[in-house]
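Summary of structural features
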Amino acid sequence: MVVFPPTTPQEVIALILYIITSHTFITIIIFPGFIHLTLVVMFLTWYERKLLARIQLRIGPLYAGGPGGILQPIADGVKLIFKEVMIPYKADKPLFLAMPLMLVLFAALPFAVIPFGQHWVIANLEVGLVFLFAMTSLFPSMILIFAWASNSKFPFLGGLRSLFQQVAYEIPMWVAALSVVMLAGSLNLTNIVEAQSKIWFIVPAFLSFIVFFIAIMAELERLPFDLPEAEPELVAGWFTESSGAVFMVIFLGLYMKVYLMSSLVTVLFLGGWWGPAFLPQPVWFIIKTLIVATFMIIPRGVYPRLRVDMLIKTGWTRLLIIALANVFLTILLIHSGILSAWGI
Amino acid sequence: MNPWLAIVIWGVIIVLLTGPMITLPIFWSRRKPDPFRDMPFESGQVPQGEARHRLVMQYYPYLLMFVVFDVVAMFLFAWGISFTTMPLDSSFPVILFLILLAAPLGYALHLAVRKENW
Amino acid sequence: MALIDIPPDLTFVALAAVTIIGAILALQARELIYGAVALAISFIGVAGFFVSLDAPYLAMLQIAIYVGAIVVLILFTIMLVRREVGEEAKDSPQSGEGSVGLWLAGLLSLAISGVAALAGPNMPSTLPSGSLPVSELGPTLATQYPIPLIILALLMSATLIGALVLAKVER
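**Digging into the overall build of chain B**
- Helix and strand counts for chain B stand at three helices and zero strands.
- Shown N-terminal to C-terminal, the secondary structure of chain B runs as helices and strands in the order α-α-α.
- Per-residue burial for chain B yields a buried fraction of 37% across its 118 residues.

See the structure below:
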């Protein structure tokens, strides 16, 4: 039997085996935990470069191992780790080095509440959705601190623009998710997916889906909301002064956010892990998430950039009003009883 | 297992496994401060002036609006959970809440449309 | 897994340490930005207290509003203030302000522990029984506390309109 603290070597081995095969360990370390997260995020960086390349009529990563340069992210990682970390003159060294780590921490922490399958969730919180939104609301402040800590004008201006942009699109994102919460009747993400067993929420909450998708693209600073990284204007925006390992960690954090938001769209609107039974549930989830990520990557090669004041104004005026309108629409839909056919 | 404990463990694992990504390269990189290498990047020219004092004030009202609507959104989440199980007349305070807050929102949007700066 | 049940005292001590050290650093930091970061950490500690007191929704509200919005406002205001003003405040003599605070905190904790020791077994229990699950929070707010909700709405509208008018006038 397993005893704690273990005394004999057999007890140690038994304890280790018990921990390794326990559900918690598997979810935290393997799936949907750390190993799966790093693998998918690395795949996402390769996928984005290949997809953008095809849209822009070029080929993309080609040589790094195997067909189509699939090991390119590993090559990038190795290269970036061995580069020198340059800390600008009179920059705030502790904050400069700690903020990228905080970014990755708060980008990866909400993965604990996202359900990849009926029981494949690290922490089944009753307040899961609000936990996720609380963690993502920390990003603007961390970006601002990092931009201030690199003692330079380009990052500072980029950081301010990024702050205002992300702050402007957070409220429409929350109000759009509110419609889904009203339809599902719970903040627990597993319950929200289970409530979509008959119909995916993209159908009754279609306006919310549009608002949420646009707000997410602005939160993640992807084109056409790319101004904080506008290369002709700001070199690279708030992470201009980061180099080497710092840049790699920030890059990882950004793509973790992309994966997080894509999987959130899948959970809230696309029915999570529901799908025909010939594939296991987590596979459906990942397929849907990658489709959402594809639709986030494609505009990057297609659309021009929005100017910053137009951007902020659009977020506060049009998106917020459409999101609020959808909340009222959801109220009407629920009370008129149309949705009772689908068990809502 | 307590979900909050699982979250704490997950956070600790993330920090433990990504912490070396930043701290190790510090140890094997050059550490002598070099004034030319460490100059803040300004496309080749010598940076002049304080890097941090220039500030855009024109978007400050948006931050204020964000604080208030943050609170509003959180209250709305609390209300939205139990919406399907509540009778309609108990939602009237919340709808009145929303209407009362539509006034400053409308005023802010009116200002945003009229003025060009923000 | 019952093997790694953490005793509640450890949670309380850890959270209290984070909150109090964060608050002390927020006041005594040599750079204002460090103080703001320490304040954010202290707020996260308070949110941890809410979690341990079985109010997870309030904890998330605390993080999203305080750390997510108010700390951003504080940071923005710090960056508005020019560096010379910040340095002037650092150079002024402390005149024993910190030690007065420590003395007061020490006396207060002595008084509270003295009262607790004297009360003995007649101390009231720490927590009222029965916590409110999240799904009950909305109906309770809407049905039992409609007047505070409306007053809150009026207060927030007044604050917002005042802030907007002030921001308009300054330019």
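**Points about the confidence of the model for chain A**
- Residue-level pLDDT values for chain A average 82, and 92% of them are 70 or greater.
- Averaged pLDDT values for the elements of chain A fall to 54 in helix α11 (residues 231-234) of chain A and rise to 92 in helix α6 (residues 128-136) of chain A.

**Side note on helix α7 (residues 139-149) of chain A**
- Within α7(A), eleven of the eleven residues are buried, which leaves it mostly tucked inside the rest of the structure.
- For α7(A), every residue scored as buried is listed here: Phe139(A), Pro140(A), Ser141(A), Met142(A), Ile143(A), Leu144(A), Ile145(A), Phe146(A), Ala147(A), Trp148(A) and Ala149(A).
- The inward-facing, buried residues of α7(A) abut α5 (93-108), α6 and α8 (153-184) of chain A together with α2 (32-52) and α3 (56-80) of chain C.

**A closer look at the interface of chain B and chain A**
- Between chain B and chain A, the residue contacts involve 44 residues of the former and 57 residues of the latter.
- Listed by contribution, the elements that provide at least two residues to the side of chain B that touches chain A are α1 (3-27), α2 (60-81) and α3 (92-114) of chain B.
- If one sorts the elements of the side of chain B that touches chain A by residue count, α1(B) sits on top with 16 residues.
- Classifying every residue of the side of chain B that touches chain A by side-chain character gives 34 nonpolar, six polar and four charged.

**Observations regarding the packing of helix α10 (residues 206-219) of chain A against helix α12 (residues 245-269) of chain A**
All names here are of chain A.
- Interaxial distance between α10 and α12 falls to 11 Å at its minimum, and their mutual angle equals 170°. Here α10 is positioned roughly antiparallel relative to α12, judged by the angle of their axes. Along the contact surface, α10 presents Phe209, Phe212, Phe213, Ile216 and Glu219, while α12 presents Met261, Val265 and Phe269.
- A class-by-class count of the residues in the contact of α10 with α12 yields seven nonpolar, no polar and one charged.

**Some points on the confidence of the model for chain B**
- Residues with a pLDDT of 70 or more make up 70% of chain B, whose mean pLDDT is 75.
- ipTM for the predicted complex: 0.85, alongside a pTM of 0.87.

**Thoughts on the interface of chain C and chain B**
- Contacts between the two partners involve 39 residues from chain C, matched on the other side by 35 residues from chain B.
- Among the secondary structure elements, those contributing two or more residues to the side of chain C that touches chain B are α3, α6 (134-144) and α7 (146-170) of chain C.
- No other element matches α7(C), which puts 14 residues into the side of chain C that touches chain B.
- Among the residues forming the side of chain C that touches chain B, the class breakdown is 30 nonpolar, six polar and three charged.

**As for the environment of Val12(A)**
- With respect to the helices and strands, Val12(A) occurs in helix α1 (residues 9-21).
- In this structure the C-alpha to C-alpha distance between Val12(A) and Pro61(A), which are 49 residues apart in sequence, comes to 47 Å.

Criteria and thresholds
Residues numbered from 1 in each chain as written. Chains lettered and ligands numbered in written order. Predicted model: local features only at pLDDT ≥ 70, side-chain atom pairs only at ≥ 80, totals over all residues. Helix = DSSP H or I, 4+ residues; strand = E, 2+ residues; numbered from the N terminus. Buried ≥ 20, exposed ≤ 12 C-beta atoms within 10 Å, placed from the backbone. pLDDT = per-residue confidence, 0-100. Contact = placed C-beta atoms within 7 Å. Nonpolar A, V, L, I, M, F, W, Y, C, P; charged D, E, K, R; others polar. Axes fitted to C-alpha atoms, helices over the stretch in contact; angles between N-to-C directions. Parallel < 35°, antiparallel > 145°, perpendicular 65-115°, else oblique.

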